[in-house]
Amino acid sequence: MEELWLEEGRSPLYQGLLQIAVGLYHFQGDNLGGAVKLMEAGLEKLSAYPHSCLGINLELLRVESGNYLRKLKQYDEAPFSFYPIQVLIIDSELERQVQMLKLAASE
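Residues numbered from 1 in each chain as written. Predicted model: local features only at pLDDT ≥ 70, side-chain atom pairs only at ≥ 80, totals over all residues. Heavy atoms only, no water.

**Q** Quick question: what am I supposed to make of the overall build of the protein here?
**A** Regarding its fold elements, the protein presents five helices and two strands. Reading the protein from its N end, one meets helices and strands in the order α-α-α-β-β-α-α. Expressed along its principal axes, the backbone C-alpha trace of the protein runs to roughly 45 × 35 × 25 Å. Within the protein, counting contacts between residues at least 6 apart in sequence, those at least 24 apart form 54% of the total. Total accessible area on the protein is roughly 6900 Å²; 55% of this is exposed by carbon and sulfur atoms. Between the averaged position of the 9 positive side-chain charges in the protein and that of its 15 negative side-chain charges there is a distance of 5 Å. (Helix = DSSP H or I, 4+ residues; strand = E, 2+ residues; numbered from the N terminus. Contact = heavy atoms within 4.5 Å. Areas by Shrake-Rupley, 256 points an atom, 1.4 Å probe, with all protein chains shown as cover. Lys, Arg positive; Asp, Glu negative; His and termini not counted. Charge placed at Lys NZ, Arg CZ, Asp CG, Glu CD.)

Encoded structure:
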């Protein structure tokens, strides 16, 4: 995803998506501080964009990421296991491409 961000001229939209993903990666690697920092930065960047963008439901991603961030900030009092955030694809062509990639990866 970092390559796409660079190709797109360091777009804040792609940077925000990347920061959310890397925040989850940091949490998975037990780096709670890094996870919180990156998820906060990612959510801030994504706040400037419409509800749907790039063929995904960006509003749902922001809501789920915000909920995850709240849980991360309360982790010491209420620990939880890593779980992925759902990215809801709303563009049929993008969905078709994702399915083709999944098929190719499973072969």
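Once you've had a look at it, read on.
**Q** Sorry if this is basic, but what is going on with the pattern of salt bridges here?
**A** A side chain of one charge can pair with a side chain of the opposite charge when the charged atoms of the two come close. Applying the stated criterion to the full structure yields three salt bridges. Residues K73 and E40 are paired through a salt bridge, measuring 2.8 Å at the closest nitrogen-oxygen approach. Placement of K73 in helix α4 (residues 58–73) and of E40 in helix α3 (residues 32–46) is noted, with a sequence separation of 33 residues between them. You can call E40 partly exposed: its relative accessible area is 33%. R62 is paired through a salt bridge with E59; the nearest N and O atoms lie 2.6 Å apart. One end of the pair is R62 and the other is E59, both in helix α4 and three residues apart, which spans about a single turn. Taking relative accessible area as the criterion, E59 reaches 28% and is therefore assigned partly exposed. (Salt bridge = Lys/Arg side-chain N within 4 Å of Asp/Glu carboxyl O. Buried < 20%, exposed > 50% of the residue type's maximum accessible area, 1.4 Å probe, protein only.)

**Q** How should I be thinking about the packing of helix α2 (residues 12–28) against α3 in this particular structure?
**A** Where α2 contacts α3, the two axes come as close as 7 Å, and the packing angle between them is 160°. With respect to α3, the element α2 is oriented roughly antiparallel. Note on packing geometry: the crossing formed by α2 with α3 is left-handed. Listed contacts from α3 to P12, L13, Q15, G16, L17, Q19, I20, V22, G23, L24, H26 and F27 of α2 are L32, G34, A35, L38, M39, A41, G42, L43, K45 and L46. For the contact of α2 with α3, a count of residues per class yields 14 nonpolar, seven polar and one charged. (Axes fitted to C-alpha atoms, helices over the stretch in contact; angles between N-to-C directions. Parallel < 35°, antiparallel > 145°, perpendicular 65-115°, else oblique. Left-handed = near helix turned anticlockwise from the far one by under 90°. Nonpolar A, V, L, I, M, F, W, Y, C, P; charged D, E, K, R; others polar.)

**Q** Just checking my understanding: could you explain the packing of aromatic side chains for this structure?
**A** Any pair of aromatic rings gets described here by the distance separating the centres and the angle formed by the planes. Taken as a whole, this structure holds eight aromatic pairs when the rule is applied. Aromatic side chains F27 and F82 sit 6.5 Å apart centroid to centroid with 40° between the ring planes, which places their arrangement in the tilted category. Taken together, the residues span a long stretch of sequence, with F27 in helix α2 and F82 in the loop between α4 and α5 (92–106) at a distance of 55 residues. On the basis of relative accessibility, which here comes to 7%, the residue F27 falls in the buried class. (Phe/Tyr/Trp six-rings, centres within 6.5 Å; stacked < 30°, edge-to-face > 60°.)

**Q** Can you help me understand the environment of C53 in this one?
**A** By the secondary structure assignment, C53 is in strand β1 (residues 52–53). Overall, the relative accessible area of 17% leaves C53 in the buried class. When the C-alpha positions of C53 and I90 are compared, they lie 9.2 Å apart, and in sequence the two are 37 residues distant. Beyond its immediate sequence surroundings of up to four residues, C53 is in contact with L13 and L58.

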